[in-house]
Amino acid sequence: MIVVHWIVIGILGLSILLGLVRVATLRDDASRAVVGDLTFFSAIGILAIVGLQRNSVSSADAVLLASMLGVLATVALARMLTRGQR
């Protein structure tokens, strides 16, 4: 089971690295926002896997809090990109 955790951490880490490269090369703000969300939630996934490995209850709280803040940031960024229009 631990091998699966390390494989998942490696895949998520690779997605973070590729996402950061794409953020640097994209020109469209909306695309950058989507890739930024991908990297953020991949980092949250790594935190969740590390919390599972260490049997940490506080990491579960951190994952839940970061996920809620990430969703709120995504909604706020969408509102800014559309300039408040619905």
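Before reading further, recall that the structure is shown in the block above.
Residues numbered from 1 in each chain as written. Predicted model: local features only at pLDDT ≥ 70, side-chain atom pairs only at ≥ 80, totals over all residues. Heavy atoms only, no water.

A. Structural context of unusual backbone geometry. Its identity is not glycine, yet Asn-55 carries a phi of approximately 55°, on the positive side. Topologically, Asn-55 is positioned in the loop between α2 (29-54) and α3 (57-81). Looking at Asn-55, the relative accessible area reads 69%, which means it is exposed. (Helix = DSSP H or I, 4+ residues; strand = E, 2+ residues; numbered from the N terminus. Buried < 20%, exposed > 50% of the residue type's maximum accessible area, 1.4 Å probe, protein only.)

B. Structural context of the packing of α2 against α3. As a packed pair, α2 and α3 sit with axes 9 Å apart at the nearest point and diverge in direction by 175°. For the element pair α2 / α3, the angle class is roughly antiparallel. Each of Asp-29, Ala-30, Ala-33, Asp-37, Phe-40, Phe-41, Ile-44, Leu-47, Ala-48 and Gly-51 in α2 lies in contact with α3, whose residues at this interface are Ser-59, Ala-62, Val-63, Ala-66, Ser-67, Gly-70, Val-71, Thr-74, Leu-77 and Leu-81. Class assignment of the residues belonging to the contact of α2 with α3 gives a composition of 13 nonpolar, 5 polar and 2 charged. (Axes fitted to C-alpha atoms, helices over the stretch in contact; angles between N-to-C directions. Parallel < 35°, antiparallel > 145°, perpendicular 65-115°, else oblique. Contact = heavy atoms within 4.5 Å. Nonpolar A, V, L, I, M, F, W, Y, C, P; charged D, E, K, R; others polar.)

C. Molecular detail of helix α1 (residues 2-25). An ideal rise of 1.5 Å per residue puts 34 Å on 24 residues; α1 measures up with 35 Å between its terminal C-alpha atoms. Looking at α1, one finds that the buried residues are His-5, Ile-9, Leu-12, Ser-15, Ile-16 and Gly-19. Against α2 lie the buried residues of α1. (Expected span 1.5 Å × (residues − 1).)

D. Highlighting the environment of Leu-64. As for its position among the elements, Leu-64 is in helix α3. Leu-64 sits in the exposed class, given a relative accessible area of 55%. Leu-64 sits 20 residues away from Ile-44 along the chain, and the two C-alpha atoms are 9.0 Å apart.

E. Fine view of the environment of Ala-76. Inspection of the secondary structure puts Ala-76 in helix α3. Assessed through its relative accessible area of 38%, Ala-76 is described here as partly exposed.

F. How the structure looks around a nonpolar patch on the surface. A cluster of nonpolar side chains, namely Phe-40, Phe-41, Val-71 and Val-75, defines an oily patch on the protein surface of about 320 Å² accessible area. Position of Val-71 among the secondary structure elements: in helix α3. The class for Val-71 is partly exposed, based on a relative accessible area of 47%. (Patch = residues over 30% accessible without salt bridge, like charges linked within 9 Å, V, L, I, M, F, W, Y side chains within 5 Å. Areas by Shrake-Rupley, 256 points an atom, 1.4 Å probe, with all protein chains shown as cover. Salt bridge = Lys/Arg side-chain N within 4 Å of Asp/Glu carboxyl O.)

G. View of the packing of aromatic side chains. According to the stated counting rule, one finds 1 aromatic pair in the structure shown. Where Phe-40 meets Phe-41, the ring centres are 5.4 Å apart and the plane angle is 75°; that geometry is what we call edge-to-face. The class for Phe-40 is partly exposed, based on a relative accessible area of 33%. (Phe/Tyr/Trp six-rings, centres within 6.5 Å; stacked < 30°, edge-to-face > 60°.)

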